[in-house]
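Spelled out from the first residue to the last, the chains are:
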Amino acid sequence: MGILKTAIIGAAVYAGVKYITKKDPITGQSIVDELMDKAPEWVDKAKGYTQDLKTRVSNAADDLAK
């Protein structure tokens, strides 16, 4: 039973990898390619959110200290 379960999981992982790396015939990009292209934008957005959060925390700390 363990071997069958491992084979099924392995087949599912293989199918998933094939799906996300398959090139789109129209754009020529895969899902992974699109994610890698958008990653720098997401990093910049995350940096902005962390800076905003740090500002809010410091303002809240200043308000509590008064």
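Quick note: structure is the one above.
No experiment lies behind these values; they were computed from the predicted model shown. (Residues numbered from 1 in each chain as written. Predicted model: local features only at pLDDT ≥ 70, side-chain atom pairs only at ≥ 80, totals over all residues. Heavy atoms only, no water.)

Student: What exactly am I supposed to notice about the pattern of salt bridges here?
Tutor: Opposite charge on two side chains makes pairing possible when the charged atoms of those side chains draw close. Per the counting criterion, the structure on display carries two salt bridges. In this structure, the salt-bridge partner of Asp52 is Arg56, at a minimum N-O distance of 3.4 Å. One end of the pair, Asp52, and the other, Arg56, are both in helix 2 (residues 31-65), four residues apart, so they sit about a helical turn from each other. Owing to a relative accessible area of 35%, Asp52 belongs among the partly exposed residues under this scheme. Overall, Arg56 belongs to the exposed group, its relative accessible area being 57%. (Salt bridge = Lys/Arg side-chain N within 4 Å of Asp/Glu carboxyl O. Helix = DSSP H or I, 4+ residues; strand = E, 2+ residues; numbered from the N terminus. Buried < 20%, exposed > 50% of the residue type's maximum accessible area, 1.4 Å probe, protein only.)

Student: Help me understand helix 2 in this model?
Tutor: Each α-helix turn comprises 3.6 residues. Residues three or four places apart therefore point the same way. A rise of 1.5 Å per residue sets the reference length of helix 2, with its 35 residues, at 51 Å; its end C-alpha atoms lie 49 Å apart and thus fit the reference within 8%. Along helix 2, the helix axis deviates most sharply at Ala39, where the bend reaches about 35°; the proline Pro40 sits within four residues downstream. (Expected span 1.5 Å × (residues − 1). Bend = angle between axes of the 7 residues up to and from the residue.)

Student: For this particular structure, what's the right way to read a nonpolar patch on the surface?
Tutor: Together, Tyr19, Ile20, Ile31, Val32, Leu35, Met36 and Trp42 line one region of the surface with nonpolar side chains, adding up to about 680 Å² of accessible area. Contributing elements (two or more residues each) for the nonpolar patch: helix 1 (2-21) and helix 2. With five residues, helix 2 is the single largest residue contributor to the nonpolar patch. Following the sequence through the fold, Trp42 ends up in helix 2. Classification of Trp42 by relative accessible area gives partly exposed; the value is 45%. (Patch = residues over 30% accessible without salt bridge, like charges linked within 9 Å, V, L, I, M, F, W, Y side chains within 5 Å. Areas by Shrake-Rupley, 256 points an atom, 1.4 Å probe, with all protein chains shown as cover.)

Student: What's the story with the side chain of Ser30 in this structure? I'm lost.
Tutor: Mapped onto the elements, Ser30 comes out in the loop between helix 1 and helix 2. Residue class for Ser30 comes out buried when judged on its relative accessible area of 4%. When sequence neighbours within four positions are dropped, the list of residues in contact with Ser30 reads Ile20, Thr21, Lys22 and Lys23. (Contact = heavy atoms within 4.5 Å.)

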